[in-house]
Amino acid sequence: MTDNSHGDPDVMGTIAVWRALGDIADPELPAVSIVELGIARGVACTSNECVVTLTPTYTGCPAIRAIEADVRSALAKITNAPLRVVTLLTPPWSSDWIAPEAREELARYGVAPPARVVQWSDRSQPVIDCPNCGSSNTEELSRFGSTACKAQYRCRDCREPFEYVKAH
Amino acid sequence: MPKAGDTHSSTTGASLVEGEEPAHDKGDPKSLTRGPKPPLFDYLLRLGDNDLVLAQRLGEWVGKGPALEEDIASTNIGLDLLGQARLWLGYAAEIGNTTEDRLAYFRDSGEFRNLLIVEQPNGHYGDTIARQYFFDQWHALVLAELATSRDARVVAIAAKALTEVCYHLERSSGWVVRLGDGTDLSHTRMQAAVDAMWPYTGEMFAVDDIERTLIDARAAPDVQALHMPWIAAVRSVFSEAALAVPSDAWMHGAGNRGGKQGVHTEHLSHMLAEMQVLPRSHPDARW
């Protein structure tokens, strides 16, 4: 990240906070950070206050509390400014926000990344590639998985089951 | 789920610490909804209580689902609904000078504002699916309308919830078809299930003074106008499911004396007793 802040403390502080947020792994998908997932939405830091904006993925996702706690402990290490964590609902989180690099990391981790979200009226099932062997000969076992965001799939070629982050 | 011993209860318990201490007497549950409140408060309770009560009902399937995938599906959907309930009740709590936890755990059944249909017992899986499908079909229509409300917060919550509820509807309508157009046994049971649940559907389209006020303010949808698209969708799904749409019958909650007005069936207080026993036993507990 190019530092053209010319030493402005607020900008330096904001950059440092974004770096710290980028080191926070998602509790359920530790291969990717909350920044790469699009959960961490905004940072506004001055010497008086640091405001971090998060967007929850699914309304019932219990990980948002763990993420908030992780944000607080990470920022407490780099700034003394009082921290305010704001939860923003609008616009609603979409799996389209997941960064391209994160999609590759998810696949390497063994979880198939989400397809592009399509309009509700055109919900033909996307073809999901097996993160283990790369085959597209896969089938959905269940629309629901171990967390609200994932579904269960199986590869018909290598026979490995895997989870898929749903396009949402 | 808000159950005793649930390690995720810190998601709700934390707000007991973070929320403001309400001004009313802690021991008097009636004070949470009595006294002059804006119509929006009551309406938000209706939306939040639908989700909370149905989430609790779906949680009762944990470990008892007919197949592992369905156990997971029902509880995932319940989790979505619980998250949505927190958003609606959280907004209501701000208006009513209380906390979401006090609203969830310290109201008696007469103060709940959910539709009668969601408090009906689970029964067998066909009963659960019938209840779920009728509600999901209504829920998706209502949320789509609420996403155009004049209240920005309502829009934000509804838009977020709608993407999840569309999944719920896809699943429950799929199961209506599978069970209706299944074996002779599943068909018979499913027809009986939808027949039994039908008299609870009318209340979803009844408008009282509180909703009329919000409709005029363009904050809430006119659910009477949603009846025709709902029936059309039900007919379409039932046709595929080889099920007969029940003939019009007397509807529970008629005359605006239903769940939305706090007049509940005998089932709700039993469900609340189980749901609320832990915080009510230890009202001053802090996580």
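Residues numbered from 1 in each chain as written. Chains lettered and ligands numbered in written order. Predicted model: local features only at pLDDT ≥ 70, side-chain atom pairs only at ≥ 80, totals over all residues.

Here we come to the overall build of chain B. Along the backbone of chain B there are 11 helices and 0 strands. Counting the 287 residues in chain B, one finds 46% classified as buried. Counting contacts in chain B only where the partners sit at least 6 residues apart, residues at least 24 apart contribute 78% of the total. (Helix = DSSP H or I, 4+ residues; strand = E, 2+ residues; numbered from the N terminus. Buried ≥ 20, exposed ≤ 12 C-beta atoms within 10 Å, placed from the backbone. Contact = placed C-beta atoms within 7 Å.)

Residues and elements named next belong to chain A. With mixed pairing, 4 strands are arranged side by side in an open sheet as β4-β7-β6-β5. Across the chains shown, the open sheet's two edge strands, defined by having one partner strand only, are β4 (111-112) and β5 (138-142). Strand direction decides the pairing type here: strand β6 (residues 150-155) and strand β7 (residues 161-165), joined by 5 bridges, are antiparallel. When the sheet's bridge partners are listed, Tyr-153 is paired in β7 with Phe-162. (Pairing = 2+ DSSP bridges.)

If you check helix α6 (residues 125-146) of chain B, its first and last C-alpha atoms are 30 Å apart, about what 22 residues at 1.5 Å a residue would give, namely 32 Å. With 19 of its 22 residues buried, α6(B) lies for the most part within the structure. (Expected span 1.5 Å × (residues − 1).)

Moving on, we get to the packing of α6(B) against helix α8 (residues 184-197) of chain B. Residue and element names in this part refer to chain B. Two numbers describe how α6 lies on α8: the axes approach to 9 Å, and their chain directions differ by 50 degrees. Looking at the two axes, α6 sits oblique to α8. For the pair α6 and α8, the sense of crossing is right-handed. In this structure, α6 uses Gly-126, Asp-127, Ala-130, Arg-131 and Phe-134 to contact α8, whose residues at the interface are Arg-189, Met-190, Ala-193, Val-194 and Met-197. Here the residues of the contact of α6 with α8 are counted per class, giving 6 nonpolar, 1 polar and 3 charged. (Axes fitted to C-alpha atoms, helices over the stretch in contact; angles between N-to-C directions. Parallel < 35°, antiparallel > 145°, perpendicular 65-115°, else oblique. Left-handed = near helix turned anticlockwise from the far one by under 90°. Nonpolar A, V, L, I, M, F, W, Y, C, P; charged D, E, K, R; others polar.)

Residue and element names in this part refer to chain B. Within helix α9 (residues 209-216), the full set of buried residues consists of Ile-210, Glu-211 and Leu-214. End-on, the buried residues of α9 take up no more than an arc of 90 degrees, which puts them together on one face. Looking at α9, the residues exposed on the side facing more than 90 degrees away from the buried face are Asp-209 and Asp-216. In this structure, the buried residues of α9 make contact with α2 (39-59). Where α9 terminates, the next one or two residues include Arg-218, which has phi positive at roughly 55 degrees. (Arc of directions from axis to C-beta.)

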